[in-house]
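# Geometric and topological summary
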Amino acid sequence: MSPEPAKGPRLEGRATTRVHRAPRAQRVRRQLVGLAFVAPALVLILAFIVYPMYSDVRLSLTNENLLIPTPQFVGLATYGQLLHDPTFLLAARHTISWVVLVVTLSLVGGYVFGMLLSTGFRGSSVILSLLLTVWVMPEVVSAVAWKWMFNPELGVIPYLLGHLGVHVLPLSYNDALFSLAFVLAWRLTPLVVLLVYTAVRSLPTGLFEASEIDGASWLSQVRYISTPLLRYPLVVGALLMGIYTLQDFTTIWVITQGGPVQASEILPTMIYRYGFQNFAFGTSAAASFLYLVVILIVALAYLVVLRPLAPE
């Protein structure tokens, strides 16, 4: 009789295969479970971010207009027209000035008030709470209030300026953009105050105690200790203020609607006017896509600057 073949190695191979298959099945199962948890967020991203962006790009490549019965595909012609449109270029210049003014005013005001409140004088917590109510107030409500205060006949601001000998109308052609930037900076300043206040309060007290022993004044402490250590929160605050200002539409539209005579026309108001007043949806979509690219560039700069400045 012939000897039976050995079965040991074959059984060992099967056992090894089962051992290798088990971890692989577990990994696949974990991946499916993780995908199931992420799926609702992915659906929302596709529905509210990816699809609207796709629709905007598709619409920007046409001359879609309610006044044109049969819209046609025009490719990048709409973008070329926008880049040579005086209204678009004027709104782009105003947008740059608008962002620079708002960020500068909010940072300077927030830094000064934040440093003063960080000294902890009596009533500082009450003042901080009152400043935060400015941010809690609905944006439309504050814009309407400022619109009435800027009114040349009934407004309190022209009245006070007139008694001070400053005969300037806040919403005139030359001063409208600065006045509106002041309104938005007034709204954003409390956030910078809170950022600076919390950052200063978290600084090591040993540095200030040592400087006091050496005879340093409060201003010297602010200049040589607090300000260098606040570089990170100030840069982060500036970028966040810039992103918020780029997205703001309510302030200018409620108060001036881009006037007088396009003196305060910025890209968001121009995009709205093209789309919902002139019904030029193709032009509005192209302008909004270009503006989206600008906002994404600023957001990317925020992420790039954030990493090397992050405290270790």
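It should be emphasised that the depicted structure is a prediction, and the values quoted were computed from it without experimental measurement.

### Regarding the overall build of the chain
Of regular secondary structure, the chain possesses 13 helices and zero strands. A compact globule built from 312 residues should have a C-alpha radius of gyration of about 20 Å, whereas the chain, at 29 Å, is more than 25% larger. Taking the principal axes of its C-alpha atoms as reference, the chain extends roughly 125 × 80 × 30 Å. Here the chain, with 312 residues, has 33% of them falling under the buried criterion.

### Some remarks on a positive patch on the surface
Judged by side-chain charge, R24, R27, R29 and R30 come together as a positively charged surface patch. With respect to the helices, strands and loops of the structure, R27 is situated in helix α1 (residues 8–60). The exposure class of R27 is partly exposed, given its relative accessible area of 42%.

### Concerning the pattern of salt bridges
The final tally for this structure, using the stated rule, is one salt bridge. Of the charged contacts, one joins E265 and R273 as a salt bridge, the two residues approaching to 3.0 Å between their closest N and O atoms.

### Focus: the confidence of the model for the chain
In the predicted model, the chain carries a mean pLDDT of 85, and 91% of its residues have values of at least 70. Mean pLDDT in the chain bottoms out at α1, which sits at 76, and peaks at helix α11 (residues 250–255), which reaches 94.

### Describing the environment of I255
On the secondary structure map, I255 appears in helix α11. Along the chain, I255 and V140 lie 115 residues apart, while their C-alpha atoms are 9.5 Å from each other. Setting aside residues up to four positions removed in sequence, I255 forms contacts with A143, W146, K147, L171, L180 and V183.

### Examining helix α10 (residues 231–247)
In a regular helix each residue adds 1.5 Å, so 17 residues correspond to 24 Å; α10 covers 25 Å between its end C-alpha atoms and thus fits that length. Taken residue by residue, α10 has P233, V236, G237, L239, M241, G242, I243, T245 and L246 as its buried positions.

### With respect to the side chain of S118
With respect to the helices and strands, the residue S118 is situated in the loop between α3 (86–117) and α4 (124–136). Residue classification places S118 among the buried positions, given a relative accessible area of 11%. In this structure the side chain of S118 is engaged in a polar contact, spanning 2.6 Å, whose partner is the backbone oxygen of M115.

### Here we look at the packing of α3 against helix α7 (residues 176–201)
Direction vectors running N to C along α3 and α7 enclose 40°, while the axes themselves pass 6 Å from each other. By the criterion of interaxial angle, the relationship of α3 to α7 is oblique. Seen from above, α3 lies across α7 with right-handed handedness. Taken together, the residues of the contact of α3 with α7 break down into 22 nonpolar, seven polar and no charged.

### Describing the packing of aromatic side chains
In this structure the tally under the stated criterion is ten aromatic pairs. Between W146 and F150, the ring centres sit 5.5 Å apart and the planes meet at 40°, which makes this aromatic pair tilted. Between W146 and W186 the ring centres are 5.4 Å apart and the planes differ by 70°, which places this aromatic pair in the edge-to-face class. You can see W146 sitting in helix α5 (residues 139–149) and its partner W186 sitting in helix α7, a full 40 residues away along the chain. Given the relative accessible area of 28%, W186 is considered partly exposed. An aromatic cluster of three or more residues is present, and its members are W146, F150, F182 and W186. The side chain of R187 reaches across the aromatic face of W135, ending 4.9 Å from its centre.

### Remarks on the environment of G114
Topologically, G114 is positioned in helix α3. For G114, a relative accessible area of 0% corresponds to the buried category. Counting along the chain gives 79 residues from G114 to L35, while the straight-line C-alpha distance between them is 45 Å. Every residue in contact with G114, bar those within four places of it in the chain, is listed here: V193, V196 and Y197.

Reading the values: the criteria
Residues numbered from 1 in each chain as written. Predicted model: local features only at pLDDT ≥ 70, side-chain atom pairs only at ≥ 80, totals over all residues. Heavy atoms only, no water. Helix = DSSP H or I, 4+ residues; strand = E, 2+ residues; numbered from the N terminus. Rg over C-alpha atoms; globule rule 2.2 N^0.38 Å. Buried < 20%, exposed > 50% of the residue type's maximum accessible area, 1.4 Å probe, protein only. Patch = residues over 30% accessible without salt bridge, like charges linked within 9 Å, V, L, I, M, F, W, Y side chains within 5 Å. Areas by Shrake-Rupley, 256 points an atom, 1.4 Å probe, with all protein chains shown as cover. Salt bridge = Lys/Arg side-chain N within 4 Å of Asp/Glu carboxyl O. Lys, Arg positive; Asp, Glu negative; His and termini not counted. Charge placed at Lys NZ, Arg CZ, Asp CG, Glu CD. pLDDT = per-residue confidence, 0-100. Contact = heavy atoms within 4.5 Å. Expected span 1.5 Å × (residues − 1). Polar contact = N/O pair within 3.5 Å; in protein donor to acceptor, adjacent residues only side chain to side chain. Axes fitted to C-alpha atoms, helices over the stretch in contact; angles between N-to-C directions. Parallel < 35°, antiparallel > 145°, perpendicular 65-115°, else oblique. Left-handed = near helix turned anticlockwise from the far one by under 90°. Nonpolar A, V, L, I, M, F, W, Y, C, P; charged D, E, K, R; others polar. Phe/Tyr/Trp six-rings, centres within 6.5 Å; stacked < 30°, edge-to-face > 60°. Lys NZ or Arg CZ within 6 Å of the ring centre and 35° of its normal.

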